Each structure stands twice: as structure tokens, then as C-alpha cells.
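Here is how the chains run, residue by residue.
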Amino acid sequence: MTAHAAVAAPGAKVRKLVRRHDKQGDHGGAQGLSPLWTFVAWLATLAFFAPVAWMVLTSFHQEADAATNPPTPFAPLTFDQYETLFSRDITPFLLNSAMASVISTLLVLALAVPTAYALSIKPVEKWTDVMFFFLSTKFLPAIAALLPVYMIVKEVGMLDNVWTLIVLYTAMNLPIAVWMMRSFLAEVPKEILEAAEMDGANLLTVLWRVVAPIAMPGLAATSLICFIFSWNEFMFAVNLTATQASTAPVFLVGFITNEGLFLARLCAAATLVSLPVLIAGFAAQDKLVRGLSLGAVK
């Protein structure tokens, strides 16, 4: 093989090692559970799912049926609550939440992956101090930073702006993403990286074509967790937005008024707000389970 051929194909040897690593990960696994533990697992699953199922069922009831004590699960079903939600124009709130969550998650991954690479595969000096610094940024309660953040955002004229939430969500989730991605990237076999470097791959090629496919379960788990944290964030959203950039959690609060709690309508709104997270989790469930368990067993 010529030197040109060895450099031009940063893939042959690497792809073989990647496929071998994936096969080893796919065929490995825990042994089957006993029927007793399977039954216990199903009971735990039903116990966690029961409140969600009750919320969805209540969203199809009238307010009078939803407020009865004891509850009436077999009350007539209706779509009136969902029609009321869309008549109140819930769409802008969902779009603001989606924009803030998706863009901030992409920014977090773009910053966390190179940082975790430098702290795990190519460790910098005193990397433990760097990791502690990232962890220390989570020591301060968010409520303690609310007033300074509000004053800064007000001075720069960024109140009621979705890009303010994007910047804040990125800063809030970045330490968590770095810690998670470092543990995932530490499991990447060094032989694969050495083979890529011998084939002439540069840093971007190594990250994109070698590290990313192997660490995809970890990327999926990290991105989903960051997305959920951003989607559910309420404190900054309710204090830094008014009409233009309010998110879905802020919309939910509108059903808790002095006139009472509109339970059926609130359940309908909560069901709609929960759907994106449930869909994302269901779509990435296989990679999520592998990512959260990566490195748990040596």
C-alpha cells in the first residue's frame, strides 16, 4: 500500500475495529431475569405509568366529571378540552419550548464533545481540577442567580427573548453533558483511535467518523437528558419572558387561577406538553438504555 492510499482511506482498519466493538457490545448483556423479578418489574412500571395514564384519561373528561370526589373514571369522553387549548393558541408556547430546547441541546453537544474528548481520550494537565470546576458551577442554586441574571438580561435588552433562554439553558446543561460524555468517551478503545491516526485521520475526522459512531448511545442519552431539562425548565422562563418567548411550562400555570383549578384542561395541556419528550424518549430508547449503562460493567 502506498503512503497516499494509507492516508486517503481513514476507514478500512478503523471500520473493522468499530464493527468488532459494536458486535461485542451487542452480543453482551445481562442474563434473563427470573419470573418473580419480571413480575416485580412490571408492577413497578405500572406504578410509575398509572399517574400518566390517569392524566391522559382526565384530559378527555369534562371539568365537572374531573372534579368529582371520588373520581369517575368511566365518565363520558370528549375532546372539548383539547379544542379549548388550541383556541387559546398553545402552538407559540410549544414552538418556543422546542426552539429553546433543540438549539440549546445542539450547542451543548457541540461544546461538550470536544471538551470531554480533551478530558478523557487526550487528557489535559490537571484534568481533575477542570472537572471539579464544571461540577462547582452546579453548587449555586438557580434561584440565587435569578436576580443577577435578570439585571444583566434587562441591561442588554434581551428580556422576553427566546435566545436568552437558549444561552441560559446551554450554560445550565453544559457541566452535566461534559461529565456524562467524559465517562462515555473514556470507554472508547484506544486501539481504534491509534488506527485512525495511523491512517492519517485528523482530529475532526476522528471525532466525526470514529468517536461519534461508538459513543452514539452516550450522545443519545446526553442529548435526551439535556433536552428534557431544557423543556421542563420553568423558573427562568416565567421570570425572563412575558408574551413573545413564553414556553410550554409557563402556559400550564395559566390554568391555576383564583377561580379554581381547571383540572381537565390542565391535564389536557400537560398531555400535549409531555408528548415531545415521550416521543423523543421512545425513539431513542435503545440507545438511551445502552448509553446510561455504558461503563457500568467492566
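Residues numbered from 1 in each chain as written. Predicted model: local features only at pLDDT ≥ 70, side-chain atom pairs only at ≥ 80, totals over all residues. Heavy atoms only, no water.

Caption draft 1: Up close: the overall build of the chain. Per the secondary structure count, the chain includes 16 helices and two strands. Going through the 298 residues of the chain one by one, you find that 38% of them count as buried. Considering only contacts in the chain between residues 6 or more positions apart, those separated by 24 or more positions represent 78%. When the accessible surface of the chain is summed, it comes to about 17,700 Å², and 70% of that surface belongs to carbon and sulfur atoms. (Helix = DSSP H or I, 4+ residues; strand = E, 2+ residues; numbered from the N terminus. Buried < 20%, exposed > 50% of the residue type's maximum accessible area, 1.4 Å probe, protein only. Contact = heavy atoms within 4.5 Å. Areas by Shrake-Rupley, 256 points an atom, 1.4 Å probe, with all protein chains shown as cover.)

Caption draft 2: Spatial organisation of helix H15 (residues 263–283). Compared with the 30 Å implied by 1.5 Å per residue over 21 residues, the 30 Å span of H15 between its first and last C-alpha is a close match. A maximum bend of about 35 degrees is found in H15 at leucine 275, where proline proline 276 lies one to four positions downstream. Turning to H15, its buried residues number three or more, namely Ala264, Arg265, Leu266, Cys267, Ala268, Ala269, Ala270, Thr271, Leu272, Val273, Val277 and Gly281. (Expected span 1.5 Å × (residues − 1). Bend = angle between axes of the 7 residues up to and from the residue.)

Caption draft 3: Molecular detail of the packing of aromatic side chains. In this structure the tally under the stated criterion is six aromatic pairs. Seen in terms of ring centroids, phenylalanine 133 and phenylalanine 134 are 6.1 Å apart; in terms of plane orientation they differ by 65 degrees. Their pairing is edge-to-face. Judged by its relative accessible area of 51%, phenylalanine 133 is exposed. Linked through ring pairs, Phe60, Phe79 and Tyr82 together constitute an aromatic cluster. (Phe/Tyr/Trp six-rings, centres within 6.5 Å; stacked < 30°, edge-to-face > 60°.)

Caption draft 4: A look at the layout of surface pockets. For the second largest pocket, the calculated volume is near 410 Å³. What lines the second largest pocket is a set of 15 residues, among which Thr137, Lys138, Leu140, Ala171 and Met172 lie closest to the centre. Put simply, the parts of the chain that give the lining of the second largest pocket at least two residues each are helix H7 (127–136) and helix H9 (162–185). Tallied by class, the residues present in the lining of the second largest pocket amount to 13 nonpolar, one polar and one charged. (1 Å grid on protein atoms, 1.4 Å probe; cavity = no way out; pocket = protein on both sides within 12 Å on 5 of 7 lines; lining within 4 Å. Points joined across faces, edges and corners; volume = space filled by probe spheres on them. Nonpolar A, V, L, I, M, F, W, Y, C, P; charged D, E, K, R; others polar.)

Caption draft 5: View of unusual backbone geometry. Notably, aspartate 89 is not glycine yet its phi reads approximately 60 degrees, a positive angle. By the secondary structure assignment, aspartate 89 is in the loop between helix H5 (80–87) and helix H6 (91–120). The exposure class assigned to aspartate 89 is partly exposed, which follows from its relative accessible area of 42%. Backbone geometry at aspartate 160 places phi at a positive 55 degrees, although glycine is not the residue there. With respect to the element layout, aspartate 160 can be found in the loop between helix H8 (146–155) and H9.

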